[in-house]
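# Report on the structure
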Amino acid sequence: MKNRTAAQLTLFILMATLIVAPISTPYAEEDPVVAIVDGDPIHRSVIETFHENLPAQYQGHPLEKIFPELLEQVISFKLIANEARRNNYSNSDKMKRRLAMLEDQLIRQEYLKETLASSISEHSLRKRYKDTVGSMPPKDEVSARHILVESEEQAREIIGELKGGADFIQLAMTRSIGPSKDNGGNLGYFTREAMVPEFSAAAFELGVGEITQSPVKTPYGWHVIKVEDRREAQTPSFEELRGTLQAQVSQEVVTKLVEDLRSNAEVQKFDLNGEPQAN
């Protein structure tokens with residue numbers, strides 16, 4: 001690893017490890033000790049947890065490759081933690097409150113993880129998918145090209161050139177100021193909702209091969225549009241929607257869980273000064 005990359009990784013490891021579980025936790029027998037610091041063992045699972053909490057761009061590095069660097073970081077953090085304990089930081093009221101909050105966070109995350117795993121099955125997701133796509137009204141798509149210019153006068157001039165036989169793609173490449181100019185103004189297929197209303201209204205009025213006879217104004221400038229094809233939008237596959245469906249079901253499960261817990265709990269609320277709030 002280059003020095004710069006190693007330095008960045010060290011910084012990210014520091015950031016990531018500030019929010020993971022404490023180092024000293026119970027371990028299974030199959031979890032080997034990878035270091036001992038002042039008599040305290042550090043187990044492999046701690047290194048694995050650090051690795052899992054790295055930013056995405058570093059999680060691609062195999063654990064075996066960056067294990068020595070991670071281990072050195074864990075040892076450093078353990079030394080700092082031990083020194084903080086010797087200085088009685090672990091017994092301060094502030095630290096006790098933070099540890100209690102961290103414990104709540106960790107057990108809450110684990111509980112929700114297991115609750116969702118048992119509540120969301122492949123069958124339930126596929127049923128939700130079937131219900132979702134079944135309720136989707138059919139949508140049309142058009143495939144279009146456009147030429148974007150700054151003024152209405154420029155757009156009318158281009159329309160005149162097209163009527164005289166000029167090639168749309170060439171004009172798009174030489175005259176358009178839009179990001180699609182290098183691709184001949186090609187926007188691919190899109191639904192009505194995918195574009196700003198003014199653009200969609202004009203594009204969906206055209207037949208295949210037709211070009212707008214008047215410039216179309218949008219917040220981006222003035223457009224000349226050519227429709228190249230029309231089709232019915234393809235239904236997204238189950239795998240394409242899996243993440244969205246899982247998020248929807250997860251939200252519903254958690255919302256229902258909280259509602260049930262609140263209905264059976266006694267909750268008292270106070271204002272910022274600790275005074276009771278009126279119900």
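The structure under discussion appears in the preceding block.
Here's what I pulled together on the structure shown here. (Residues numbered from 1 in each chain as written. Predicted model: local features only at pLDDT ≥ 70, side-chain atom pairs only at ≥ 80, totals over all residues. Heavy atoms only, no water.)

### Looking at the sheet that holds strand β3 (residues 140-149)
- An order of β4-β3-β6-β5 is seen for the 4 strands of this open sheet, with the pairing classed as antiparallel. Whereas interior strands pair on both sides, the edge strands pair on one side only; in this sheet they are β4 (186-191) and β5 (216-218). In this sheet, neighbouring strand axes are inclined to one another by 45° on average, regardless of whether the strands run parallel or antiparallel.
- The pairing of β3 with strand β6 (residues 221-232) spans 10 bridges and is antiparallel. Following the sheet pairing, Val-149 is matched in β6 by Trp-222.
- Sheet strands touched by helix α7 (residues 152-163): β3 and β6. Its angle to β6, the strand with the most contacts, is close to 50°.
- Along the sheet, helix α8 (residues 168-175) contacts β3 and β6; its crossing angle with β3, the most-contacted strand, is approximately 50°. (Pairing = 2+ DSSP bridges. Helix = DSSP H or I, 4+ residues; strand = E, 2+ residues; numbered from the N terminus. Axes fitted to C-alpha atoms, helices over the stretch in contact; angles between N-to-C directions. Contact = heavy atoms within 4.5 Å.)

### Comments concerning the nonpolar core
- With 14 residues, the main nonpolar core has Ile-42, Val-46, Ile-47, Phe-50, Leu-54, Leu-70 and Val-74 as its most contacted residues.
- Top contributing element to this core by residue count: helix α4 (residues 63-86), with 6 residues. (Core = buried A, V, L, I, M, F, W, Y, C linked by side-chain atoms within 4.5 Å. Buried < 20%, exposed > 50% of the residue type's maximum accessible area, 1.4 Å probe, protein only.)

### A few points about helix α2 (residues 44-52)
- Three or more residues of α2 are buried, namely Val-46, Ile-47, Phe-50 and His-51. Each buried residue of α2 lies within a common arc of 140° when the element is viewed along its axis, so the set occupies one face. (Arc of directions from axis to C-beta.)

### What about the pattern of salt bridges?
- Throughout the structure, instances matching the rule amount to 15 salt bridges.
- For Arg-128, the salt bridge identified is with Glu-252, shortest N-O distance 2.6 Å. Of this pair, Arg-128 sits in helix α6 (residues 122-134) while Glu-252 sits in helix α10 (residues 238-263), and the two are 124 residues apart along the sequence.
- Judged by relative accessible area, Arg-128 falls into the partly exposed class, the value being 21%. (Salt bridge = Lys/Arg side-chain N within 4 Å of Asp/Glu carboxyl O.)

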